[in-house]
Amino acid sequence: MRLQVRDLTFAYTQKPVLNHVSFSLETGDFLAIVGKNGSGKSTLVKCLLGLLKVSNDTIYLDDVDINSIGKTKKVGYVPQKPEFNSEFPITVKEVLTSSYQGRRDQSFTAIVNDLEINRFYYDNINCLSGGQLQRIFIARALLNKPKLLILDEPTAGVDKANLTGLKEILKRLKNQKITIIMITHDTEYTNDLADYVLHLDEILDYSFEKTGGSL
Ligand SMILES: Nc1ncnc2c1ncn2[C@@H]1O[C@H](COP(=O)(O)OP(=O)(O)OP(=O)(O)O)[C@@H](O)[C@H]1O
Ligand SMILES: [Mg+2]
């Protein structure tokens, strides 16, 4: 998916959080977004997801203004703080299969294996640790086969083995020409994946640099 951001300014109150931000990505590009706490990283991706309202003519997905796109499964999202408050006893299996139209095919199994979800596949979702829950959210976003995948600090709280698993998945998605945007404080992790780095600054400045990921 192509993404264009044109002179995007966003404010929750009077004080802007994003100030005249412009950049664009082509299909299959990997963008790492970095910056200090409070610099507007999550705000930016929420604008890209249509969760926060932006002016017309600022964000285009595949050349269509985001304000004229309804809810779309083409964009997958892993939020920064995954929460799952279910009153009902619901298992990991039910969560994953309910958001997956197809049968349990090869790609389903690969995602479940790479993220080591097998071990708690039949467990109740409310019994999972923070890192396990994070992996369920990553899996759920991937199962919808998005054309643009947005991950907000997906590596926070995930152990070493699963970081390797996640990297394998990201590499595979990149090869499949999925556009990926990942917010991270760990630039070493994204170094070889990222084609571009967007650096947001709390003084409302930003830089968008081509880095040319080697993977
Ligand atoms: N719902 C909201 N209402 C008002 N202000 C908000 C809201 N969400 C975020 N902010 C403010 O907007 C600014 C940017 O927040 P944002 O969550 O985008 O930062 P971030 O770069 O993702 O930070 P972190 O690294 O801590 O996740 C902060 O000053 C924050 O206090
Ligand atoms: Mg954030």
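Let me sum up the structure you'll find in this document.

What counts and what doesn't
- Residues numbered from 1 in each chain as written.
- Chains lettered and ligands numbered in written order.
- Predicted model: local features only at pLDDT ≥ 70, side-chain atom pairs only at ≥ 80, totals over all residues.
- Helix = DSSP H or I, 4+ residues; strand = E, 2+ residues; numbered from the N terminus.
- Buried ≥ 20, exposed ≤ 12 C-beta atoms within 10 Å, placed from the backbone.
- Contact = placed C-beta atoms within 7 Å.
- Core = buried A, V, L, I, M, F, W, Y, C linked by C-beta atoms within 7 Å.
- Pairing = 2+ DSSP bridges.
- Axes fitted to C-alpha atoms, helices over the stretch in contact; angles between N-to-C directions.

Remarks on the environment of Gln-80
By the secondary structure assignment, Gln-80 is in the loop between β6 (75–78) and α2 (92–98). Of the residues examined, Gln-80 has 15 C-beta atoms within 10 Å and is grouped as partly exposed. Taking the C-alpha atoms as reference, Gln-80 lies 7.8 Å from Ser-42; in sequence the two are 38 residues apart. Contact partners of Gln-80, with chain neighbours within four places excluded, come to Ser-42, Asp-152 and Glu-153.

As for the nonpolar core
One finds Ala-139 and Ile-150 to be the most contacted residues of the largest nonpolar core, which totals 52 residues. Ranked by residues supplied to this core, first place goes to helix α4 (residues 130–143) with seven residues. Excluding residues within four positions of it along the chain, Ile-150 makes contact with Val-45, Leu-48, Leu-49, Val-75, Gly-76, Tyr-77 and Ile-181.

Some thoughts on the sheet that holds strand β1 (residues 3–11)
Taken together, four strands build an open sheet; the order of strands is β2-β1-β4-β5 and the sheet is antiparallel. Every interior strand has two partners, whereas the edge strands, β2 (16–25) and β5 (64–65), have only one. Relative to β2, β1 runs antiparallel, the two being bridged by six bridges. When the sheet's bridge partners are listed, Val-5 is paired in β2 with Phe-23. Against the sheet, helix α1 (residues 41–48) contacts β1, β2 and β4 (59–61), and its axis sits at roughly 60 degrees relative to β2.

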